[in-house]
Amino acid sequence: LAQAFLLKLLRLSKAASAGLSRQPEWLLMATSSLPDGRVVSVFQDEAAASVALVAALTRCANEAIARKGCFSLCIPAGSAVAALKGLDPKAVDWNKVNVFFTGERLGANKSYAAALEAFCLRCGVGNVFNPLHRPLWSSGEPLPAFVVKEAAAAYAALLQTHPSIDNSGSVPAFDMLLLGVGEDGHCGSMHPGSDEIMAVGDGSVVFALEKKRQVAISMDVMRASKRVILMACGAKKAEAVKRALTGDFEQHMCPAALLSSSTTVWYTDTESAAAWDSKKSFHVKTTTGEPILDGLPICVPKILLPRSNIPLDKWACVACDQFESEPQYWKDMSDHVGETPSSLRIIFPEVYLASVTGGNPDDDKTRIENICKVMKEYVQRDIFTERPPAFLALDRSTPHVPSRKGLVMAVDLEAYNYNCPQPTLIRPTEKTIVARLPPRIAIRENAPLEMPHIIMIIDDPGKTVIEPLFTTPGLTEPEYEVDGLFKGAGKITGLRVTSAGTAHVETSMKALAAKERAAAVAAGRQPAVILIGDGNHSLATAKSCWEKLKTQGGVPPNHPQRYALVELQNLHDDGVVFEPIHRILT
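Just so you know, these numbers come straight off a predicted model, no measurement behind them.

J.: With reference to specific residues and values, describe the overall build of the protein chain.
T.: Each helix and strand counted, the protein chain has 13 helices and 22 strands in total. Here the C-alpha radius of gyration of the protein chain, 27 Å, is about what a compact globule of 586 residues would show, namely 25 Å. Summed over all atoms, the accessible surface of the protein chain reaches about 25,800 Å², with 52% contributed by carbon and sulfur. Charge centroids of the protein chain, computed over 61 positive and 64 negative side chains, lie 3 Å from each other.

Dropping the structure here:
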């Protein structure tokens with residue numbers, strides 16, 4: 001239980017591209033899966049990408065219609081829509097398809113006309129919703145501002161109420177969004193440096209671009225879409241593709257890069273992808289230099305440890321939700337620590353929560369403010385030793401087991417959702433009580449330090465990932481050791497994982513993930529690479545804070561808060577003992 005304080009400042013044959021389409025092998029030249037979940041597909045040319053796009057849309061439409069009886073599709077104008085000329089009128093029940101637009105210029109009808117020409121008339125699409133809800137002026141004179149505002153408001157109302165669109169979230173969510181990418185990185189009507197792109201996160205639905213006499217859906221709505229395909233083909237798009245996928249741009253200057261979730265697929269060709277080197281993608285590291293393992297929801301964290309003059313037996317503290325019914329334990333721990341810096345001073349034991357004590361909720365606020373104050377004080381006093389990014393291997397000896405091994409790492413919150421509306425690679429194993437999150441969020445959202453007690457587990461009966469770190473020479477180096485932990489909690493040893501050890505973790509975790517994916521396919525389910533063993537509410541807190549941060553706009557996809565510090569353990573470790581919980585019913 002004792003914890004040292006930790007801080008974290010190609011060709012596809014039959015595979016589906018992000019679950020969107022099954023491509024004939026000859027179409028796809030290469031594919032890359034980025035750590036944030038985006039898939040980048042490189043096709044021979046634009047014609048091949050168009051064939052794949054048609055297959056993807058057809059499949060997505062049929063799946064949505066089978067599931068809920070309708071399909072909502074949002075499209076732009078330009079070459080991305082021209083690619084839809086290959087849609088088969090007999091392949092989909094088009095009467096149940098609803099087409100919306102990323103934007104439209106009043107008096108031009110460019111998007112609407114392009115859709116009708118490409119497929120809507122030929123396929124007999126049931127509903128095509130032109131954003132223009134006012135008669136058009138054809139004199140060429142500028143339209144009055146109120147007309148643009150009126151059209152934008154009307155279109156927003158339509159999106160927020162149409163039955164084919166999911167409005168269970170804060171903004172409307174289309175079943176599928178198709179976007180072209182401009183040479184400057186714009187998509188839809190979201191342009192670099194514009195007021196509209198800098199409004200990301202404010203919950204807007206449709207903007208009125210009065211100077212352009214145009215209405216445009218917001219980036220928030222784009223990002224909420226359940227499936228997103230960005231088309232960027234041809235040599236002229238090479239620089240935009242490179243910047244969007246490497247992060248080589250200033251804040252708000254590449255809108256296409258803001259579509260960065262696992263629902264997003266890039267369709268490129270050999271010309272547009274020529275300048276992009278996936279190995280040099282900014283996703284290889286966070287903005288603070290923490291390496292991200294390619295193809296895994298894992299980051300190698302920067303960890304701070306107390307300086308050598310701070311006794312680790314006083315610094316270490318059990319997880320804060322343990323002994324919540326034993327106030328005497330916490331009093332004894334406080335006496336033991338005294339004035340020595342300790343993790344005890346920067347956690348909130350549940351025994352002191354007003355909901356437990358029956359006290360004044362303002363007491364919680366005061367305690368939280370003091371925790372943040374102490375954290376800042378510890379940082380200012382420079383009591384920590386900074387280390388380069390490295391995993392930390394832990395071995396605990398307790399009165400109950402001679403050894404329990406773990407690996408401290410950071411996990412990608414984009415691969416986790418505590419409500420689990422859709423299965424994720426990082427999967428909760430119990431229901432999250434949302435009412436328990438506010439005190440945790442209040443601490444974490446303003447805290448300069450991260451000190452979780454999250455235990456995650458892998459199903460590794462062969463003991464291929466964690467255990468070799470303790471037996472194979474060269475994979476780890478001694479970092480610290482502390483014996484005589486408080487109240488006879490035992491001994492803990494920390495080992496820094498070397499570069500060779502990191503390579504071992506990456507290789508073995510990928511092999512384990514591949515086995516899980518194969519098992520999932522055979523069982524007809526979604527894979528779960530990592531499960532949450534304990535600290536589910538702490539991870540849910542980290543997820544909530546990350547989602548809130550993203551709404552502020554301009555947050556890079558490789559921001560360090562995207563990754564939460566955890567300890568990974570093997571379900572088959574001899575020191576992980578499961579005991580039954582006995583309950584008496586009366």
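J.: Summarise the environment of Asp277; cite the residues concerned and give the values.
T.: Relative to the helices and strands, Asp277 is located in the loop between strand E11 (264-269) and strand E12 (298-299). The exposure class of Asp277 is partly exposed, given its relative accessible area of 34%. In sequence terms Asp277 and Leu245 are 32 residues apart; their C-alpha atoms lie 8.9 Å from each other.

J.: Can you tell me about the confidence of the model for the protein chain, naming the residues and giving the values?
T.: Here the protein chain averages 86 in pLDDT, while 90% of its residues score no lower than 70. Across the protein chain, strand E3 (residues 71-75) holds the top mean pLDDT of 97, while strand E1 (residues 28-33) sits lowest at 75. Note that residues 1-26 has pLDDT below 50 and, in this model, 102 contacts with residues that lie over four places away or in other chains. Across residues 133-139 the pLDDT falls below 50, and counting only partners more than four positions away or on other chains, this stretch makes 9 contacts in the model.

J.: So what's going on with the side chain of Asn98? Residues and values would help.
T.: Relative to the helices and strands, Asn98 resides in strand E4 (residues 97-101). The exposure class of Asn98 is buried, given its relative accessible area of 5%. Within polar-contact distance, the side chain of Asn98 engages the side chain of Asn127 at 3.1 Å. Not counting residues within four places of it along the chain, the set of residues in contact with Asn98 comprises Cys70, Phe71, Ser72, Leu73, Asn127, Phe129, His162 and Ser164.

J.: Lay out the nonpolar core in plain terms, naming residues and giving numbers.
T.: Ranked by size, the top nonpolar core spans 91 residues in total, and within it Phe71, Phe119 and Trp266 carry the most contacts. For this core, the element with the highest residue contribution is helix H1 (residues 46-68), accounting for 11 residues. Leaving out residues up to four positions away in the same chain, Phe119 has contacts with Leu73, Ile75, Leu84, Leu87, Trp94, Val99, Gly124 and Val125. Of all hydrophobic cores here, the second largest spans 40 residues; its members include Leu495, Val529, Ala564 and Leu568.

J.: Please set out the sheet that holds strand E8 (residues 206-209) residue by residue, giving values where relevant.
T.: Spatially, the 3 strands line up as an open sheet ordered E5-E9-E8, and their pairing is antiparallel. At either margin of the open sheet sits one strand with a lone partner, and together these are strand E5 (103-105) and E8. Each strand axis lies, on average, 15° off the axis of its neighbour in the sheet, ignoring direction. The strands that helix H4 (residues 145-161) touches are E8 and strand E9 (214-217); relative to E8, the one it contacts most, it runs at about 170°.

J.: I'd like a description of the pairing of strand E7 (residues 176-180), backed by residues and values.
T.: Within E7, 4 of the 5 residues are buried, which leaves it mostly tucked inside the rest of the structure. Here E3 pairs with E7 via 2 bridges, running parallel. By the bridge assignment, Leu73 is partnered in E7 with Met176. As paired strands, E7 and strand E10 (residues 228-232) are joined by 4 bridges and run parallel to one another. Within the sheet, the bridge partner assigned to Leu177 lies in E10 and is Val228.

J.: So what about unusual backbone geometry? Which residues, and what values?
T.: In the Ramachandran plot, Arg213 falls in the positive-phi region, its phi being about 50° despite a non-glycine side chain. Judged by its relative accessible area of 26%, Arg213 is partly exposed. A positive phi angle, near 60°, is found at Asp382, a position not held by glycine. Within the secondary structure, Asp382 sits in the loop between helix H10 (361-380) and strand E14 (384-385).

J.: Could you give me a rundown of H1, with the residues and numbers involved?
T.: Because the α-helix completes a turn every 3.6 residues, residues three or four places apart line up on one side. The terminal C-alpha atoms of H1, which comprises 23 residues, lie 32 Å apart, in line with the 33 Å expected from a rise of 1.5 Å per residue. Capping the start of H1, Asp45 holds a side-chain oxygen 3.2 Å from the backbone nitrogen of Ala47, two or three residues further along. Phi turns positive one or two residues past the end of H1, at Gly69, with a value near 90°.

J.: Go over the packing of helix H11 (residues 437-444) against helix H13 (residues 536-550), please, and point to the residues and values.
T.: At a minimum axis distance of 9 Å, the contact between H11 and H13 shows a crossing angle of 55°. Between H11 and H13, the crossing angle belongs to the class labelled oblique. By crossing handedness, the relation of H11 to H13 is classed as right-handed. Counting all contacts with H11, which are made through Leu437, Arg440, Ile441 and Arg444, the residues of H13 involved are His537, Ser538, Ala540, Thr541, Ala542, Ser544 and Cys545. Residue composition of the contact of H11 with H13, by class: 5 nonpolar, 4 polar and 2 charged.

J.: Tell me about the state of the cysteines, residues and numbers included.
T.: Should the sulfur atoms of two cysteines be covalently bonded, the bond is a disulfide. What the rule picks out here adds up to 0 disulfides. For the unlinked cysteine Cys299, the closest cysteine sulfur is that of Cys545, found at 17 Å.

J.: Can you lay out the environment of Ile458 for me, pointing to particular residues and giving the numbers?
T.: Tracing the chain through its elements places Ile458 in strand E18 (residues 455-458). For the pair formed by Ile458 and Asn98, sequence separation is 360 residues and the distance between their alpha carbons is 43 Å.

J.: How would you summarise the pairing of strand E2 (residues 39-43) if you had to cite specific residues and measurements?
T.: Here E2 lies mainly inside the structure; 5 of its 5 residues are buried. Of the two faces of E2, the one lined by Val39, Ser41 and Phe43 and the one lined by Val40 and Val42 are each fully buried. Where E1 and E2 come together, 5 bridges link them in antiparallel fashion. Paired with Ser33 across the two strands is Val39, which belongs to E2. Strand direction decides the pairing type here: E2 and E11, joined by 5 bridges, are parallel. Bridge pairing in E11 places Val42 opposite Thr268.

J.: Talk me through the packing of aromatic side chains; I want residue IDs and the actual numbers.
T.: On inspection of all chains with the given rule, the structure shows 9 aromatic pairs. Where Trp94 meets Phe119, the ring centres are 6.1 Å apart and the plane angle is 55°; that geometry is what we call tilted. Note that Trp94 is positioned in the loop between helix H2 (79-82) and E4 and Phe119 in helix H3 (residues 110-123), a separation of 25 residues in sequence. Each member of the pair, Trp94 as well as Phe119, is classed as buried. Measuring from ring centre to ring centre gives 5.1 Å for Tyr329 and Trp330, while their planes differ by 90°; the resulting arrangement is edge-to-face. A single burial state applies to Tyr329 and to Trp330, both of which are buried. Ring pairing ties together the aromatic residues Phe100, Phe129 and Phe174, which thus form one cluster. Its guanidinium or amino end placed over the ring of Phe348, Arg367 lies 5.6 Å from that ring's centre, counting from NZ or CZ. The ring of Tyr352 has Arg367 sitting right over it, with the charged end atom 4.2 Å from the ring centre.

Definitions and limits used
- Residues numbered from 1 in each chain as written.
- Predicted model: local features only at pLDDT ≥ 70, side-chain atom pairs only at ≥ 80, totals over all residues.
- Heavy atoms only, no water.
- Helix = DSSP H or I, 4+ residues; strand = E, 2+ residues; numbered from the N terminus.
- Rg over C-alpha atoms; globule rule 2.2 N^0.38 Å.
- Areas by Shrake-Rupley, 256 points an atom, 1.4 Å probe, with all protein chains shown as cover.
- Lys, Arg positive; Asp, Glu negative; His and termini not counted.
- Charge placed at Lys NZ, Arg CZ, Asp CG, Glu CD.
- Buried < 20%, exposed > 50% of the residue type's maximum accessible area, 1.4 Å probe, protein only.
- pLDDT = per-residue confidence, 0-100.
- Contact = heavy atoms within 4.5 Å.
- Polar contact = N/O pair within 3.5 Å; in protein donor to acceptor, adjacent residues only side chain to side chain.
- Core = buried A, V, L, I, M, F, W, Y, C linked by side-chain atoms within 4.5 Å.
- Pairing = 2+ DSSP bridges.
- Axes fitted to C-alpha atoms, helices over the stretch in contact; angles between N-to-C directions.
- Expected span 1.5 Å × (residues − 1).
- Parallel < 35°, antiparallel > 145°, perpendicular 65-115°, else oblique.
- Left-handed = near helix turned anticlockwise from the far one by under 90°.
- Nonpolar A, V, L, I, M, F, W, Y, C, P; charged D, E, K, R; others polar.
- Disulfide = S-S within 2.5 Å.
- Phe/Tyr/Trp six-rings, centres within 6.5 Å; stacked < 30°, edge-to-face > 60°.
- Lys NZ or Arg CZ within 6 Å of the ring centre and 35° of its normal.

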